[in-house]
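Remarks on the overall topology
Residues per chain, in single letters:
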Amino acid sequence: MKIATLNKGKETKYLNEYPLIDEEDLYSHDHLKEGDLFNLVNDSEQYIATAYVGKQHKGVGWVLSYDKDEVINTQFFEKLFEKAKEERQYFYNIDGTNAFRVFNGEGDGVGGLTIDNYDGHFLIQWYSKGIYKFRYNVLSALKQVFNYTSVFEKMRFKDAEIKGGFVDGEAPEFPIVIEENFTFYNVDLNDGPMTGIFLDQKEVRKKLKERYAENKEILNVFSYTGAFSVVAAEPATMTTSVDLANRSRALTEENFGLNGIDPKSQYIYVMDTFDYFNYARRHDLFYDTIVIDPPSFARNKKKTFTVQKDYDKLIKGALEILGPNGTLLLCTNNSSFSLKAFKNVINNTLQEANVEYEIQDVMGLPKDFKTHAHYKPSKYLKAIFVNIQ
Ligand code: SAH
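Worth saying up front: this structure is predicted, and the values here are computed from it rather than measured.

What follows deals with the side chain of Glu70. Mapped onto the fold, Glu70 is located in the loop between β6 (59-65) and α2 (74-87). Those residues in contact with Glu70 that sit more than four places away from it in its chain are Ser65, Phe76 and Lys79.

Given below as structure tokens:
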């Protein structure tokens, strides 16, 4: 087994089960390449953990075990999958939802690996070349533990040779229709980096529908396939979806259709969000609830948008077209944008704008996206409902 030795004084962090190994904490190590297993030891060569090399974020790899004798093989993954399955019995047995996360990276014991279940069609996401080296073990364990119809995979690391796609079972014809809280959505596991729905927002969608949609005019920007609009359309007076991507129109219309809502009865704009804010202002359009769930980074007409730098502009733009006693739903899934920093941006922007406001609901990840108690970035999702007088 290869060895990586920590700098003096760095062991407490790892003894406290911080799962991502920071290269800067290492004093020395054997030649480590992606997928290698190694023992993490302190400066007096005492064993702390077994880890694998998989470069991600600022880390060289993830801890897999605190037992020196643990063998990292198919049975190791089987054991973790069984545990993850046991903990999610709720999701396997509820009515009205058949899509959820089955295994969530470091939260379930293996950083760099996630597995989602879309009505029996499983999607594995590999976040480094290192974890991909365990592909055979992972696939064997998956087959042993779960009853799936098919398996697909996506690469979340760059490699010109390895493409994602179909792996095992009976491939369906895409799109398939999944159900979440009795609402239907199209999903395609074999088309680019996204699937059609972000499963981590399920509770936020539910909250929007139950508390902030009834008889409301709703604007949903960065709307992608319109999930927030679709879930809210029935109780709402009207929804408006805005997304820059051409394909978003058809995908959104189809999702409305799946739920018995005439797509022609709702507004869909293929447009830049900031341009839409201007358009709405010029036309005196006002909304009761504005949903803002942007990507962490986007580029349009040579302008770049990053959530940490530009979120205030989104809030200011939305305020100008928010009706009296309105609600902003502000989201970010950026793991390096902490809840504290996000709240600061929200508070500062609203105070500067001189509006009376109240933060009503602060939401995070649902239970199936199990987080790691000692690794804060695993709680990457922030969704905040703010009432503005
Ligand atoms: N809110 C969505 C997910 C957003 S994904 C949901 O609930 O499913 C990010 C989306 O932002 C993509 O569909 C992308 O096309 C869109 N986007 C990126 N830059 C944009 C911009 N400047 N204006 C509008 N949409 C943009």
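As enumerated under the stated definition, the model contains 29 aromatic pairs in all. Taking 5.5 Å as the distance between ring centres and 70° as the angle between the ring planes, the aromatic pair formed by Phe152 and Phe166 counts as edge-to-face. In this pair, Phe152 is assigned in strand β10 (residues 150-155) and Phe166 in strand β11 (residues 165-169), connecting sequence segments 14 residues apart. With relative accessibility at 2%, the residue Phe152 sits in the buried group. Measuring from ring centre to ring centre gives 5.9 Å for Phe222 and Phe305, while their planes differ by 35°; the resulting arrangement is tilted.

Our next topic: helix α8 (residues 247-258). Over its 12 residues, α8 extends 17 Å from the first C-alpha to the last, a length consistent with the 16 Å expected when each residue adds 1.5 Å. Those residues of α8 lying buried are Ser248, Thr252, Asn255 and Phe256. Across the axial projection of α8, the buried residues extend over an arc of 100°, all falling on one side. Of the surrounding elements, those touching the buried residues of α8 are β13 (183-187), α7 (227-232), β15 (238-243) and β16 (267-270). Immediately beyond the C-terminal end of α8, within one or two residues, lies Gly260, with a positive phi of roughly 70°.

Cut-offs applied
Residues numbered from 1 in each chain as written. Predicted model: local features only at pLDDT ≥ 70, side-chain atom pairs only at ≥ 80, totals over all residues. Heavy atoms only, no water. Helix = DSSP H or I, 4+ residues; strand = E, 2+ residues; numbered from the N terminus. Contact = heavy atoms within 4.5 Å. Phe/Tyr/Trp six-rings, centres within 6.5 Å; stacked < 30°, edge-to-face > 60°. Buried < 20%, exposed > 50% of the residue type's maximum accessible area, 1.4 Å probe, protein only. Expected span 1.5 Å × (residues − 1). Arc of directions from axis to C-beta.

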